[in-house]
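Remarks on the overall topology
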Amino acid sequence: MRNFRHHLKHFVFLLILFLFPLFISAQTPPDEFLGHKVGADRKLADWNQITGYFQKLDKESNRMKVLKIGESTVDNKPLIMAVITSEDNMDELDTYTGITQRLRNARGLTPEKARELSKQGKPIVLFTCNIHSTEIASSQMSMEFAYNLVTGKTPFDADKVLDDVIVLLVPSSNPDGEQMVTEWYRKWVGTKYEGGRMPWLYHHYAGHDNNRDWFMMNLKETRAVNRVLYHDWIPQIHIDEHQMGSTGARLFVPPFKNPPIPNVHPLMWRGVALCGMNMSYDLQKNGFTGVVHGRSYTGWWIGACDDTSWLHNTVGLLSEMASVDVASPIYIESTELPDAYYEKRMQFPDPWPGGWWRLRDLVDYELCLSMSLVKTAYLHKEDFLYNFYKMNRDNIQAGKKGEPYAFVIPKEQRDTPTTMKMLDILKIGGVEIHQAEEEFVAGGKVYPAGSYVVKMSQPYRPYAQALLEKQEYPDIRQYPGGPPEPPYDNAGWTLPLQMGVECERIEESFQADLTKVEEIPYPSVEIPAEAAPYLVLDSKENAAYSMAFALLEEGTEVYRSKESITEDEFQAAAGSFLVKNSGKVQQVLPQLLEKWHATVYKLEDAAGISKFPLDKPRVALYQSWRSNMDEGWTRYVFDHKGISYTTLHNKDFRDKKGNPADLSEKFDVIFFASESADIIKTGQPDPESRWARYFTEMPPKYKGGIEKEGVKALKNFVEDGGILVTLNDACELVFDEFDDVPARNATERYGRDEFFCPTSILRIKVENDAPLGYGFPEKAAAMFSRSFGIDTWIPSGNWDRNVVASYPKKDILLSGWLLGEEKISRKSAVVDLSYKKGHIVLIGFRCQHRAQSHGTYKFLFNSIFYPENN
């Protein structure tokens, strides 16, 4: 009996030992976890479910580890990333990321040593999903993709491949949005609003523009993924998975169409083509039709998640799936497919015939292309690692040859805090920056000690150069002599121009005593002694406005000068802020200076300075129910510059009886971000507009606009002394609704073949002694994005006008693309209209464009601190 028990125990032990690997490999399929098949009609997993599933899979598999890489903007939801690779690799992740760090910093690394490291290393492939929250398929697919990888349900030998490849998977780059879209969709399933758009942005500030933030790094989510890409993990391959319209191709994969952005290494485009064509091949052999390449999406940088990788020597890829109505299936007649996506072409050899199109179709396509990319990384393991080194090395060598050799940011700037902000942005993106210890000469000019130098001999040379130089978009026509073929998005973006920072391109090498900057040294500001009767904040600095607003909120005494202030120790521009020194000021000043880094001067006597007192301004910003990105970015600027405001909705323009509301009772300044006048007034586009077909009916609570009562309320507001500020498209509200207004859109009558300027930077002249021009230099740069020039004329009746900014006669283009310069020559860009007691400010361009154009923020700020308003 004793022997039997002994043998039984031994047998049970061996059985457990044998079955243990089976127990630990029993990973839960996502279908079982969710209670429905991934991609099932009208079924979505929300962010809580997605993170829950990834955490469960992490516990069940030694091939996966879930990391928190950041948090979302509003709800602080965890932004997660799954690391998927073999168990052996999991123990050596630091070793493999160390190898990629060394291959990036190619200085002193011989090709022979780089080859050796490439053999030892493992290529890192990053998948980012669902940055655009309504493009939701990839977030759902990510669960099944992860499950298939860790369980070996793959079209390749997963043991071999995951032993040679490290997969990084971000299920959603916008967790707040994924949750919002899912909750909104579920709410309206089974009603006529099923699959319709939300009335608000799916990113608190940016909406769809969260994929244009990848050099400015405004958003928390952008910064989190940026750290993965260019600091912590440094993948050699990166794909961002998206969706597009419903009636074209079923899927776009690279290669991209012309034009390519200059200065990107040719190996980049070859790597992109290799990965993209392998995807197409694998999709085709698995029976997936309607796959296109080389159309719609260009090789020109737009500041997006995927294409910023090109400039960092990471093979950057984009996939775009044809959409359904969020999770609701759609039926597409073959006659509804355009000829370009119905007929066979070399870029589109197997058209999709039409029929039902479901969320599960998107999941299946994305699973196939994602597996294909992992396989490609495995098959070309050493090539991807070595070519990553080669691109970095070649960039370092190219920079030594000059053309350009460096960019110099002189120490003396009009707006030092904004200059430091620009340098910070560059550094976050991985740019190497140096500072001069002594005076030096470059390009025949003397630069003082403390100036900053961005040498082009660095691994991320293409990125640094793209941000600092002026762009020249090629003149591409739809056919010879025909109208221009528009870029996918922006044609120019030059960061120093947008931010109002002086930056000079140096072509040839020079000698200077330089120290590498490890952390951007925001200047420490000396707090003036309490004895000074007044403190001066120079209006040339954006930070001065933030300081002034904060001080007014504290109840302190603040004035604005109507003229420049010249003292022995400083000269401040017209519109500078004079703060009456007090114990309260001394109490709050240290923390404000720590936050804003503004320059503060002492002033002994303000009696001789022409000035006007300030009250805390009451600011409002209109928000329609059409999820306007420009409004979101305006909120971002106000929030991050310390400007308190009230959000106005349609109902706020009518009182309880339905009559026009008394807006002047509550507000001094009302802003309308760029938006169609029809949307503002009625909540719908003009039926004749090309956008009308995309309009979807909203639930009753979110229908309509400010209506005629709102227009009347705005007229009364201005007549009573209020300031109405309209940006870009919103200016049409004034042109359409205010009688006898002495201004109009000067360029709307021209076709694209006569006048064309796609998101480019133009030169403007500013009247900086006018209240709206305070703090500006005489020459500035405006971001022209679906913008226009303004005609004015001699007014009649109660109107008057003052042109504050205008386009010069010639040489208007600074960066990007401009056709028909003469059509905007000498037209107005910013106009200050006086009407009865109030003002209307027409800003004919996006002066706060995507929270990038810091150099023209002052048009917003000066509207808030207008003299007659205080």
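Per chain, the residues get numbers from 1 upward, laid out in the order the sequence is written. Whole-chain, interface and lining totals are the exception, using all residues; otherwise, since this is a predicted model, local features are given only for residues with pLDDT of at least 70 and side-chain atom pairs are given and counted only at 80 or more. Side-chain calculation: all heavy atoms of the structure are included, whereas hydrogens and water are not.

1. Re a positive patch on the surface
- For patch building, the residue pool is restricted to those with more than 30% relative accessible area and no salt bridge; the joining distance is 9 Å between like charges and 5 Å between nonpolar side chains (Val, Leu, Ile, Met, Phe, Trp, Tyr). Computed by Shrake-Rupley with a 1.4 Å probe, the accessible areas treat only the displayed protein chains as cover when residues are assessed. Definition used for salt bridges: Asp or Glu carboxyl oxygen within 4 Å of a side-chain nitrogen of Lys or Arg. Here Asp and Glu are counted as negative and Lys and Arg as positive; His is not counted, and neither are the chain ends. One atom stands in for each charge, and that atom is NZ of Lys, CZ of Arg, CG of Asp or CD of Glu. A surface patch of like charges, here positive, comprises Lys765, Lys779, Lys809, Lys810 and Arg826.
- Strands here are runs of E lasting at least two residues and helices are runs of H or I lasting at least four, both read from the DSSP assignment and numbered beginning at the N terminus. For Arg826, the position within the fold is in the loop between β36 (813-815) and β37 (828-835).
- A simple rule labels every residue: compare its accessible area, found with a 1.4 Å probe on the protein chains alone, to the largest value its type can have, and call it buried under 20%, exposed over 50%, or partly exposed in between. Since its relative accessible area comes to 63%, Arg826 is described here as exposed.

2. Some thoughts on the pattern of salt bridges
- Following the criterion strictly, the structure yields 41 salt bridges and no others.
- Note that Lys122 is salt-bridged to Asp164, the shortest N-O span being 3.3 Å. Within this pair, whereas Lys122 is found in the loop between α6 (111-120) and β3 (124-129), its partner Asp164 is found in helix α8 (residues 158-164), the two being separated by 42 residues in sequence.
- Residue classification places Asp164 among the partly exposed positions, given a relative accessible area of 21%.
- Taken together, the salt bridges that share partners define one network made up of Asp209, Arg212, Asp489 and Arg850.

3. Examining the sheet that holds strand β17 (residues 452-455)
- Note on pairing: DSSP must find at least two bridges between two strands before they are called paired. Ordered by their spatial adjacency, five strands build an open sheet running β18-β13-β17-β14-β19, and the pairing between neighbours is antiparallel. The strands lining the two open edges of the sheet, one partner per strand, are β18 (504-506) and β19 (514-516). For this sheet, the mean angle separating the axes of adjacent strands, direction not counted, is 30 degrees.
- Two elements, strand β13 (residues 406-409) and β17, share four bridges in a ladder whose sense is antiparallel. Whenever a helix is involved, its axis is fitted only over the stretch in contact; in every case the axis is a line through C-alpha atoms, and angles between N-to-C directions fall within 0 to 180 degrees.

4. Description of the nonpolar core
- Buried Ala, Val, Leu, Ile, Met, Phe, Trp, Tyr and Cys residues form a nonpolar core when they are joined through side-chain atoms within 4.5 Å. Core analysis: the largest hydrophobic core is formed by 159 residues, its most contacted members being Phe54 and Ile84.
- With 11 residues, the single largest contributor to this core is helix α13 (residues 359-379).
- In this analysis, two residues are considered to be in contact whenever any of their non-hydrogen atoms come within 4.5 Å of each other. Apart from the residues within four sequence positions on either side, Phe54 is in contact with Met64, Val66, Ile80, Ala82, Ser142, Met143, Ala146, Leu169 and Pro171.
- Ranked by size, the runner-up nonpolar core spans 72 residues in total, among them Ala532, Leu537, Val585 and Tyr857.

5. What about the environment of Val225?
- Looking at where Val225 falls in the secondary structure, it is placed in helix α10 (residues 220-232).
- For Val225 and Leu79, which are 146 residues apart along the polypeptide, the C-alpha to C-alpha distance reads 9.0 Å.
- Each residue touching Val225, except ones within four places of it in the same chain, is listed here: Ile69, Leu79, Thr128, Ser173 and Trp214.

6. Description of a negative patch on the surface
- Taken together, Glu87, Asp88, Asp91, Glu92, Asp94 and Asp163 make up a surface patch of like negative charges.
- With respect to the secondary-structure elements, Asp88 resides in helix α4 (residues 87-90).

7. What to know about the pairing of strand β20 (residues 534-537)
- Of the two faces of β20, the one carrying Tyr534 and Val536 and the one carrying Leu535 and Leu537 are both buried.
- The pairing of β20 with strand β25 (residues 600-603) spans four bridges and is classified as antiparallel. Within β25, the residue paired with Leu537 across the bridge is Val600.

8. Things to note about the sheet that holds strand β21 (residues 558-561)
- Strand order across the open sheet formed by five strands is β25-β20-β24-β21-β26, with antiparallel pairing between neighbours. A single partner strand is all that each edge strand has here, and the edge strands are β25 and β26 (611-613). Recorded for the sheet is a direction-independent mean angle of 30 degrees between the axes of neighbouring strands.
- With three bridges joining them, β21 and strand β24 (residues 577-580) adopt antiparallel strand pairing. Among the inter-strand pairings, Val558 is bridged to a residue of β24, identified as Val579.

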